[in-house]
Amino acid sequence: MSNPITIRGAGVVGLCVASELSRRGVPVTLRDPAAVPGPQACSWWAGGMLAPFCEGYTAEEQVVRLGQEVADWWQSHGATVHRNGSLVVTLARDRAELSQFARRTTGHETVSGTDLAKLEPLLADRFDRALFFKDEAHINPRLSLENLQARLITDGVTFEQTDTMPDAQTVIDCRGLAARDALKDLRGVKGEMVILRAPDLALSRPLRLLHPRFPLYIVPRGDGVFMLGATQIESGERGRASVRSVMELLSAAYALHPAFGEAELLEIGTDARPAFADNLPRIRRRGGMIYVNGLFRHGFLLSPALARMTADLVMDGQIPEVMDEDHS
């Protein structure tokens, strides 16, 4: 039997790493101050978009490539994966934004008129052109985290409600921004989001509304509930959404469709994503410590790939492509 491993942090990265190791027969203990997934972790506030091609607008090739394996991983681990693709639109005055997005991404086709209305009746007569990324998907991140933890418990993974440093041979640190006590080059990127209920509106897939100042994405959660996000502010501040950010998100939703003006405001959330200078993730090893961090805005998109690489490193000594030199 493999030596037991302790993982610090039960956010999306920690749960995914635990899943990969447990599947390979490794005894795993997961340590986190919280007993269950919740608002204490930035992954609780994620959109749940599995959209590697759209992310390619600003992200490196590595993100696009690794992200293409993620939908199958989440489905194989019990998540309900909605494989309806995603749409990107823009207001008429910002048409140049759509053309630029098309040039800098792959995996899309341009749809217009009746074809767009067939994909999303809500958009009929609202937009005359869109980019359709048919191979993208989305999940409900909160349900997926809860389900992943439940599966791990069933599989014999031990959860300890503490954050003290364990006395173990191998420790994998997946604490996100809390790991700044060890990873000095880790920074926070604040994101704010809003959850609305609009029972008379329906979307089948995530929708991105491009805008020069505050681009919006909106993700359907089912039963008339929608997640709107998200700002991107260079700050490690957690737990405080600004009035301006919330107003911009709601204004963009109203521009998408005026009926959102009658929606019920259910929740306003904010947290800081962990990121390194180039916004790419890292796996670092220092003796018996392995750090998996810096997933920026790609937590649900890249955690399965990082988890697989971490398990390969632990089990077979295989050096991952995101291995980073020690900055201690």
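Residues numbered from 1 in each chain as written. Predicted model: local features only at pLDDT ≥ 70, side-chain atom pairs only at ≥ 80, totals over all residues. Heavy atoms only, no water.

Draft legend 1. Region of interest: a nonpolar patch on the surface. Together, Leu250, Leu265 and Ile268 line one region of the surface with nonpolar side chains, adding up to about 230 Å² of accessible area. Inspection of the secondary structure assignment puts leucine 250 in helix α8 (residues 243–256). (Patch = residues over 30% accessible without salt bridge, like charges linked within 9 Å, V, L, I, M, F, W, Y side chains within 5 Å. Areas by Shrake-Rupley, 256 points an atom, 1.4 Å probe, with all protein chains shown as cover. Salt bridge = Lys/Arg side-chain N within 4 Å of Asp/Glu carboxyl O. Helix = DSSP H or I, 4+ residues; strand = E, 2+ residues; numbered from the N terminus.)

Draft legend 2. Quick peek at the layout of surface pockets. Size it by volume and the second largest pocket reaches roughly 210 Å³. Taken together, 16 residues form the lining of the second largest pocket, with Thr80, His82, Ile139, Asn140 and Leu143 sitting closest to its centre. Secondary-structure elements contributing two or more residues to the lining of the second largest pocket are α7 (141–154) and β12 (216–222). Class assignment of the residues belonging to the lining of the second largest pocket gives a composition of five nonpolar, 10 polar and one charged. (1 Å grid on protein atoms, 1.4 Å probe; cavity = no way out; pocket = protein on both sides within 12 Å on 5 of 7 lines; lining within 4 Å. Points joined across faces, edges and corners; volume = space filled by probe spheres on them. Nonpolar A, V, L, I, M, F, W, Y, C, P; charged D, E, K, R; others polar.)

Draft legend 3. Broad picture of the packing of helix α1 (residues 12–23) against α7. Axis separation between α1 and α7 bottoms out at 10 Å; the angle between their running directions is 35 degrees. As for how α1 packs across α7, the hand of that crossing is left-handed. Only Leu145, Leu148, Gln149 and Leu152 of α7 make contact with α1, whose side of the interface consists of Val12, Leu15, Cys16, Ala18 and Ser19. (Axes fitted to C-alpha atoms, helices over the stretch in contact; angles between N-to-C directions. Left-handed = near helix turned anticlockwise from the far one by under 90°. Contact = heavy atoms within 4.5 Å.)

Draft legend 4. Molecular detail of the nonpolar core. Counting 68 residues, the largest nonpolar core has Ile7, Leu21, Leu50, Trp74 and Ile172 as the members making the most contacts within it. Counting residues per element, this core draws most heavily on helix α9 (residues 299–316), which supplies nine residues. The residues touching leucine 50, leaving out its near neighbours within four places in the chain, are Val70, Ala71, Trp74, Val81, Glu136, Ala137, His138, Ile139, Phe300 and Leu301. Ranked by size, the runner-up nonpolar core spans 30 residues in total, among them Leu209, Ile218, Leu249 and Ala252. (Core = buried A, V, L, I, M, F, W, Y, C linked by side-chain atoms within 4.5 Å. Buried < 20%, exposed > 50% of the residue type's maximum accessible area, 1.4 Å probe, protein only.)

Draft legend 5. Spatial organisation of the environment of glutamate 60. For glutamate 60, the position within the fold is in the loop between α2 (52–55) and α3 (61–67). For the pair glutamate 60 and leucine 301, spaced 241 residues apart in sequence, the C-alpha separation works out to 13 Å.

Draft legend 6. Main features of the pairing of strand β11 (residues 207–210). Neither face of β11 is exposed, since Leu207 and Leu209 on one face and Arg208 and Leu210 on the opposite face are all buried. Bridge count for β11 against β12 is three bridges, and the pairing is antiparallel. Its bridge partner lying in β12, leucine 207 is registered against isoleucine 218. Hairpin connection of β11 to β12: five residues between the antiparallel strands. (Pairing = 2+ DSSP bridges.)

Draft legend 7. Local environment of unusual backbone geometry. Non-glycine residue aspartate 125 carries a positive phi angle of around 70 degrees. Turning to its location among the elements, aspartate 125 is positioned in the loop between α6 (113–119) and β6 (129–133). On the accessibility criterion, aspartate 125 (81% relative accessible area) is exposed. If you check the backbone angles, aspartate 223 has positive phi at about 55 degrees while not being a glycine. Within the element layout of this structure, aspartate 223 appears in the loop between β12 and β13 (225–229).

Draft legend 8. Focus on the side chain of glutamine 149. Structurally, glutamine 149 is set in helix α7. Glutamine 149 gets classed as buried once you look at its relative accessible area, which sits at 9%. Residue contacts for glutamine 149: discarding those within four places in its chain leaves Leu15, Ala35, Val36, Pro37 and Phe159.

Draft legend 9. Quick look at the packing of aromatic side chains. Applying the stated criterion across every chain, the model contains five aromatic pairs. With 5.4 Å between their ring centres and 85 degrees between their planes, phenylalanine 226 and phenylalanine 260 make a pair best called edge-to-face. With phenylalanine 226 in strand β13 and phenylalanine 260 in the loop between α8 and β14 (264–275), this residue pair connects regions lying 34 residues apart in the sequence. An aromatic cluster of at least three residues, connected via ring pairs, comprises Tyr57, Phe101 and Phe133. The side chain of arginine 104 reaches across the aromatic face of tyrosine 57, ending 4.6 Å from its centre. (Phe/Tyr/Trp six-rings, centres within 6.5 Å; stacked < 30°, edge-to-face > 60°. Lys NZ or Arg CZ within 6 Å of the ring centre and 35° of its normal.)

Draft legend 10. A look at the pattern of salt bridges. Under the criterion given, the structure shown has 27 salt bridges. Salt-bridge contacts for aspartate 173 lead to arginine 8; the nearest nitrogen and oxygen are separated by 3.9 Å. Linking aspartate 173 in strand β9 (residues 170–173) with arginine 8 in strand β1 (residues 5–8), this pair joins segments that are 165 residues apart in sequence. Both residues of the pair, aspartate 173 and arginine 8, belong to the buried class. Linking glutamate 234 and arginine 187 is a salt bridge whose minimum nitrogen-to-oxygen distance equals 2.8 Å. One end of the pair, glutamate 234, is in the loop between β13 and α8; the other, arginine 187, is in strand β10 (residues 187–197), and 47 residues separate them in sequence. With a relative accessible area of 56%, glutamate 234 lands in the exposed category. Arginine 187 gets classed as partly exposed once you look at its relative accessible area, which sits at 22%. Here the salt bridges share partners, and the residues they tie into one network are Arg8, Asp163, Asp173, Arg175 and Asp181.

Any functional reading would require information that these geometric values do not contain.
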